[in-house]
Amino acid sequence: MSAQKGNRGEGETRQLDAVIIGAGFSGLYALYKLRDVMGMDVQVYETADGVGGAWYWNRYPGSRCDSESYYYCFSFSEELAQEWEWSGKYPEQPEIERYLNHVADRFDLRRDIQFSTRVASARFDDAANCWEVCTEQGERVRARYLISAVGCLSAANLPDIPGRDSFQGEAYHTAAWPREGVDVKGKRVGIIGTGSTGIQATPRIAAEAAHLTVFQRTPNFTVPARHTLFAPEDQAEIKKNYSAIFERTRRSPAGFPYFPIERKTLDVSAEERQQILEELWEEGGFKFLWGGFSDMMTDPAANALVSEFIRNKIRASVNDPETAELLCPTDHPYGSKRPPIDSDYYVSFNRDNVSLVDIRSAPIEAITPMGLRTQDAEYELDVLVFATGFDAMTGALLKIDIQGAGGRKLADAWAEGPRSYLGLQVAGFPNLFTITGPGSPSVLVNMPVSIEHHVDWISDCIERMRERGETRIEATEAAQDAWVEHVAEVSKMTLIGQADSWYVGANIPGKPRVVMPYTGGQPLYRERVEAVVNADYEGFEFRA
Ligand code: FAD
Ligand code: NAP
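Note on numbering: residues in each chain are counted from 1, in written sequence order. In the order they appear in the text, chains get letters beginning with A and ligands get numbers beginning with 1. Local features in this predicted model are restricted to residues whose pLDDT is 70 or higher, and side-chain atom pairs enter the listing and the counts only when it is 80 or higher, whereas totals over whole chains, interfaces and linings include all residues. Water and hydrogen atoms play no part in the side-chain values, which are based on all heavy atoms of the structure.

Participant: What should I look at first to understand the environment of arginine 311 in this one?
Facilitator: Helix and strand assignments come from DSSP, with helices taken as H or I runs of at least 4 residues and strands as E runs of at least 2, each series counted from the N terminus. Its place among the elements puts arginine 311 in helix 10 (residues 300-317). Measuring from C-alpha to C-alpha, the distance between arginine 311 and threonine 117 comes to 46 Å, with 194 residues separating the pair along the chain. Contacts are assigned to residue pairs that have any heavy atoms within 4.5 Å of one another. Each residue touching arginine 311, except ones within four places of it in the same chain, is listed here: Phe221, Ala304, Cys328, Pro329 and Thr330.

Participant: Even after reading the chapter, I still don't get the site of ligand 1, so can you show me in this structure?
Facilitator: Throughout, near means a residue has at least one heavy atom within 4 Å of the molecule or strand. What surrounds ligand 1 is a group of 34 residues, the closest being Ser26, Glu46, Ala54, Asp66 and Tyr72. Interatomic distance of 2.7 Å between a backbone N/O atom of alanine 54 and an oxygen atom of ligand 1. Here an oxygen atom of ligand 1 and a backbone polar atom of methionine 447 are 2.7 Å apart. To be clear on the numbers: accessible area is Shrake-Rupley with a 1.4 Å probe, and residue cover counts the displayed protein chains and nothing else. Protein burial of ligand 1: of its 980 Å² of free accessible surface, 94% is covered by the chains. When residues of the shell around ligand 1 are traced back to their parent elements, those giving at least two are helix 1 (25-37), helix 2 (54-57) and helix 14 (447-468). With three residues, the top contributor of residues to the shell around ligand 1 is helix 2. We call two N or O atoms a polar contact when they sit within 3.5 Å, provided that within protein one can donate a hydrogen and the other can accept it, with sequence-adjacent residues counted only if both atoms are side-chain atoms.

Participant: For this particular structure, what's the right way to read the domain arrangement of the chain?
Facilitator: One frequently used descriptor of interface size is the decrease in accessible area upon assembly of the parts. Domain start and stop positions are those given by an automatic or database domain assignment. Its domain assignment divides the chain into domain 1 (14-155 + 392-543) and domain 2 (191-231 + 256-386). Computed over C-alpha atoms, the centres of domain 1 and domain 2 are 30 Å apart. The interface is formed by 28 residues belonging to domain 1 together with 35 residues belonging to domain 2. A per-residue breakdown of the area domain 1 buries against domain 2 is headed by Asp66, Tyr90 and Leu495, which together make up 26% of the total. Any Lys or Arg side-chain nitrogen located within 4 Å of an Asp or Glu carboxyl oxygen qualifies as a salt bridge. Among the ionic pairs, arginine 338 bridges to aspartate 66, the shortest N-O distance being 2.7 Å. By definition, the buried area sums, over both parts, the 1.4 Å-probe accessible area that each loses when the two are put together.

Participant: Can you walk me through empty space enclosed by the protein in this structure?
Facilitator: With a probe scaled to a water molecule rolled over the atoms, the places where space remains empty come into view. Cavities and pockets are defined on a 1 Å grid built over the protein atoms alone: a cavity is a set of grid points where a 1.4 Å probe fits but cannot escape, while a pocket is an open set with protein on both sides within 12 Å along at least five of seven lines, and lining residues are those with an atom within 4 Å of any such point. Grid points are joined across faces, edges and corners, and a volume is the space filled by probe spheres set on the points. Throughout the structure, instances matching the rule amount to five cavities of 30 Å³ or more. In this structure, the largest cavity occupies an estimated 70 Å³ of space. Ser148, Val150, Gly151, Cys152, Met393, Leu397, Thr434, Ile435, Thr436, Gly437 and Pro438 are the residues that line the largest cavity.

Participant: Explain the site of ligand 2 to me, please; I cannot follow it from the model alone.
Facilitator: Lining the immediate environment of ligand 2, one finds 24 residues, of which Arg64, Thr197, Thr218, Lys337 and Arg338 sit closest. Contact between ligand 2 and alanine 387: an oxygen atom at 3.3 Å from a main-chain N or O atom of the residue. Notes on ligand 2: free accessible area 900 Å², of which the protein chains cover 87%. Among the elements that make up the shell around ligand 2, the one with the highest residue count is helix 5 (residues 196-206) (three residues). For this classification, the nonpolar set comprises Ala, Val, Leu, Ile, Met, Phe, Trp, Tyr, Cys and Pro, the charged set comprises Asp, Glu, Lys and Arg, and every other residue, Gly included, is treated as polar. Each residue belonging to the shell around ligand 2 can be placed in one class, and the counts come to nine nonpolar, nine polar and six charged.

Participant: Got a minute to help me understand the packing of helix 8 (residues 270-283) against helix 10 in this structure?
Facilitator: When two helices pack together, their arrangement is given by the angle between their axes and by how far apart the axes lie. Look at helix 8 against helix 10: their axes get within 11 Å of each other, and the N-to-C directions meet at 60°. Comparing the axis directions of helix 8 and helix 10 gives the class oblique. Our pair here, helix 8 against helix 10, has a crossing hand that is right-handed. Note on element contacts: helix 10 touches helix 8 through Leu305, Val306, Phe309, Ile310 and Lys313, opposite Arg273, Gln274, Leu277, Glu278 and Trp281. Partitioned by chemical class, the residues of the contact of helix 8 with helix 10 number six nonpolar, one polar and three charged. Every angle, taken between N-to-C directions, lies between 0 and 180 degrees, and every axis is a line fitted to C-alpha atoms, over only the stretch in contact when it is a helix. Here the angle decides the label: under 35 degrees means roughly parallel, over 145 means roughly antiparallel, 65 to 115 means roughly perpendicular, and every other value means oblique. Handedness of a helix crossing follows the sense of rotation of the near helix relative to the far helix, less than a right angle counterclockwise being left-handed and clockwise being right-handed.

Participant: Would you take a moment to explain the sheet that holds strand 14 (residues 371-374) for this structure?
Facilitator: The strands that make up a sheet are held in pairs by hydrogen bonds between backbone atoms, and each pair lies either parallel or antiparallel. Across the sheet, three strands lie side by side as 13-14-15; this open sheet has antiparallel pairing. Both edges of this open sheet fall to strand 13 (364-367) and strand 15 (378-380), since each of them pairs with a single strand only. The sheet shows a mean angle of 20° between the axes of neighbouring strands, direction not considered. Between any two strands, pairing holds if DSSP finds at least two bridges. In terms of strand pairing, strand 14 meets strand 15 through three bridges, oriented antiparallel. Bridge pairing links glycine 371 to glutamate 380 in strand 15.

Participant: Quick question: what am I supposed to make of the layout of surface pockets here?
Facilitator: Estimated volume of the second largest pocket: approximately 250 Å³. In terms of lining, the second largest pocket is formed by 16 residues, of which the most central are Pro418, Val484, Val487, Val514 and Val515.

Participant: Is there a simple way to think about the packing of helix 14 against helix 16 (residues 522-534) in this case?
Facilitator: Running from N to C, helix 14 and helix 16 cross one another at 0°; their axes reach a closest spacing of 12 Å. In terms of axis orientation, helix 14 runs roughly parallel to helix 16. Across the interface between the two elements, Val449, His453, His454 and Trp457 of helix 14 pack against Gln522, Tyr525, Arg526, Val529 and Val533 of helix 16. Residues of the contact of helix 14 with helix 16, tallied by class, amount to five nonpolar, three polar and one charged.

Here it is in structure tokens:
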């Protein structure tokens with residue numbers, strides 16, 4: 001398609017068909033699709049020294065997926081699905097990292113991934129219709145297309161707490177956990193954060209540390225995972241049904257191979273409702289939300305009943321009533337924050353070596369050389385864990401200095417919140433595609449399903465451009481405005497905007513409050529995207 005990768009003289013800038021930023025699920029599949037299926041000349045840059053993305057970085061104790069293994073994986077290769085053996089329902093981080101390494105090896109992807117290389121800037125050359133990409137390490141390349149596979153949850157949020165750097169013990173963010181692990185045996189550990197990460201890490205750290213103090217600002221609803229290992233007959237059953245499983249993940253609202261039950265929460269008697277919720281609770285995992293009552297996320301009265309059901313489970317699990325009440329969320333509806341899935345979280349607070357500190361009523365004042373000081377007490381710690389999450393959905397992209405047509409900066413275009421057309425492109429930034437970008441369902445879907453959908457869409461679009469000899473694609477401002485308005489309208493039909501969550505940017509001080517993912521569900525989104533394609537890519541402008 002264009003000049004060969006090695007074909008460059010001294011001082012000449014390498015010309016590629018595409019640069020992909022990131023080597024997680026998104027970057028790996030995009031590389032496979034563009035290079036192996038479409039024959040393009042592609043370079044991937046990855047900050048880490050290995051593949052895996054989220055599963056490279058998040059090595060904290062207890063790190064494992066919340067989607068079940070056999071559909072939290074790629075579906076594009078039947079052979080890959082048939083040959084890989086998952087150990088059980090919710091594999092831990094090392095197993096998922098091994099899987100993604102296997103994918104990289106199996107499809108010989110590594111030779112086009114440059115590791116330990118961070119993309120620092122990208123500037124669109126209006127005259128040549130291509131991107132000039134610069135790395136922090138000083139490399140400069142040019143590419144027709146720039147594909148962002150930087151991840152929605154990859155820019156760690158380390159809160160700016162006074163005295164943070166004065167701590168003399170060991171301090172770690174969970175998304176930068178050392179590969180060799182952290183020995184907490186016999187140590188006094190403090191953990192800040194009770195999101196999915198804190199909830200996974202707490203029981204594991206509690207089992208080893210001399211004492212664990214959990215600093216909780218907002219309590220969270222979590223549902224038990226109920227992890228089990230797969231027996232050979234489970235493996236065989238899954239493999240036999242893979243095509244039906246994958247097909248269901250593409251049709252269901254949130255990318256799972258099951259659907260919400262048709263009846264509404266208030267359409268059944270109190271006894272029947274209790275029984276249905278008990279069954280879902282016993283089964284565990286995401287099915288409680290995505291295979292439960294269909295109106296849980298839209299009807300406040302329905303949600304209130306489900307929320308109270310979970311609060312009662314907390315009260316039944318935690319021995320000390322005061323601690324139990326502190327763990328009961330009352331400030332947001334269940335599901336309006338990304339719901340964690342746990343293994344023994346609530347019962348951890350029955351251990352003698354675990355204490356819960358409410359930093360809502362007595363906020364953290366400072367991190368000190370010896371530990372942490374809240375408004376009413378001092379805590380001496382040997383290890384401090386920041387399970388404080390991510391600058392989600394926009395953070396990683398905005399860390400790159402991106403300048404589109406006419407030198408317009410992405411940071412300026414998104415100053416009041418991210419704007420996109422279909423979550424795939426940004427007006428004013430031609431030939432830039434964002435895999436699972438804001439404005440797409442991305443993080444509200446079992447993500448590999450969203451990722452494959454986006455990569456397939458992007459590659460089909462590029463294929464069309466190749467066929468027609470086009471070199472530039474750009475979303476129009478009008479199409480983008482209409483999409484942004486649609487995303488905002490649809491979000492008002494759900495309860496998602498009601499929580500101070502990372503979905504709306506509320507976890508990052510100063511970040512504009514916007515519901516960033518598309519909340520209309522996967523089927524509606526896929527329909528809209530397909531309609532755009534069928535209307536000859538309505539809302540996009542192409543140039544030859
Ligand atoms: P990532 O995996 O985040 O990869 C992005 C990569 O881009 C990273 O390796 C990063 O280093 C690289 N990068 C970013 N900026 C640059 C730059 N400027 N230059 C070079 N490289 C760069 N989703 C689910 O659906 N189910 C789950 O069970 C689930 N579990 C999760 C558990 C954890 C602990 C976390 C953090 C997330 C989880 N997710 C889950 C969400 C997860 O983000 C996605 O499932 C998926 O891994 C995203 O893949 P990705 O390739 O899009 O992004
Ligand atoms: P998170 O959900 O954003 O939770 C961060 C926690 O840190 C919250 O309890 C937050 O409190 C607290 N916090 C943040 N800043 C603080 C500050 N300055 N002072 C005190 N407390 C502070 O982050 P996360 O737990 O890392 O999870 C992020 C997302 O990653 C998840 O929602 C999920 O999508 C993904 N993830 C998935 C899995 C899985 O599927 N297995 C596991 C881990 C993560 P507030 O609530 O008060 O803001």
